[in-house]
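Below, each chain spelled out in residue letters.
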Amino acid sequence: MPTKISIVGKGGTGKTTIAALLIDFLIKKNKIPILAVDADPNFNLNELLGVKINTTLSEIRESVLKHEVPDFMTHQDYIEMKIHQILVEDKHFDLLTMGYPEKSGCYCPVHYFFSRTLEKIINAYEYIIIDNEAGMEHISRLNITEMDHLIIISDSSQRGIVTGIRVTELIKVLNIKAQKIWLIVNQTPKNEEEKLNLLIKEMIKNTKIKFMGFLPQDPLLFYYELNHIPVFKWECPLKEASINIFEKLFKENQNG
């Protein structure tokens, strides 16, 4: 079974950047093949990975609802064919982009077909990395509800950390299960880590959340993104810090 890692948090905390850094880390560890799922309606994971997307799952969903399925195909066969067509294939990873939110209408049958197809696809990979929207409803509707690791991303403000921790309440409502729940505090100013560390320990002491670590503010990030430089070519303090943090995932797997 593949290892599923889901990355969540409110907008602007750097979820997509951290998802891209994690994919780069796994490739360097030879933990491949990887399926990257961009489940954020404001999708841009492809830009950090240096690949182009042409179609999203949302567009396939709408074509089914508009009865564009050929007469000689079942809905299930059509969706399987289209999903394989829109998978962006790279040497070490594939990317699946879920797209924009749903419009009004009945989507239950379509969700069923999608979830069946994704179950088949997922088992072909060693790692699944899911870059979520803040609310996670996208993957819940498609029945991707069991995670090995759920990584909460927060900024370094107290309010941001509190908001991040509240994600654990949401996953209960959506019936999403996670074996390990982690917290990463991103965009942390220099010389603030010691004070924040004490605050975080107090805030998570009665929860199942483990603190993974801090990631620094990094001015090079703006340069890389502005110039469309993929994560695989980055050399910066943020990337170095992320490597040390992601190592904890493997230590936990080894310890069971």
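No experiment lies behind these values; they were computed from the predicted model shown.

1. Some remarks on the packing of helix α7 (residues 158-165) against helix α9 (residues 193-204)
Alright, step 1. The N-to-C vectors of α7 and α9 enclose an angle of 30°; their axes lie 11 Å apart at closest approach. The angle between α7 and α9 falls in the class roughly parallel. Relative to α9, α7 is oriented so that their crossing is right-handed. Mapping the contact onto sequence places Q158, I161, V162 and I165 in α7 and L196, L199, I200, M203 and I204 in α9.
Alright, step 2. Here the residues of the contact of α7 with α9 are counted per class, giving eight nonpolar, one polar and no charged.

2. Some remarks on the layout of surface pockets
Alright, step 1. The calculated volume of the largest pocket comes to roughly 420 Å³.
Alright, step 2. Within the residue set of the lining of the largest pocket, elements represented by two or more residues are α1 (15-28), α2 (45-49), β7 (177-188) and α10 (219-226).
Alright, step 3. Element by element, the count of residues in the lining of the largest pocket is highest for α1, at four residues.
Alright, step 4. Taken together, the residues of the lining of the largest pocket break down into six nonpolar, twelve polar and five charged.

Rules used throughout
- Residues numbered from 1 in each chain as written.
- Predicted model: local features only at pLDDT ≥ 70, side-chain atom pairs only at ≥ 80, totals over all residues.
- Heavy atoms only, no water.
- Axes fitted to C-alpha atoms, helices over the stretch in contact; angles between N-to-C directions.
- Helix = DSSP H or I, 4+ residues; strand = E, 2+ residues; numbered from the N terminus.
- Parallel < 35°, antiparallel > 145°, perpendicular 65-115°, else oblique.
- Left-handed = near helix turned anticlockwise from the far one by under 90°.
- Contact = heavy atoms within 4.5 Å.
- Nonpolar A, V, L, I, M, F, W, Y, C, P; charged D, E, K, R; others polar.
- 1 Å grid on protein atoms, 1.4 Å probe; cavity = no way out; pocket = protein on both sides within 12 Å on 5 of 7 lines; lining within 4 Å.
- Points joined across faces, edges and corners; volume = space filled by probe spheres on them.

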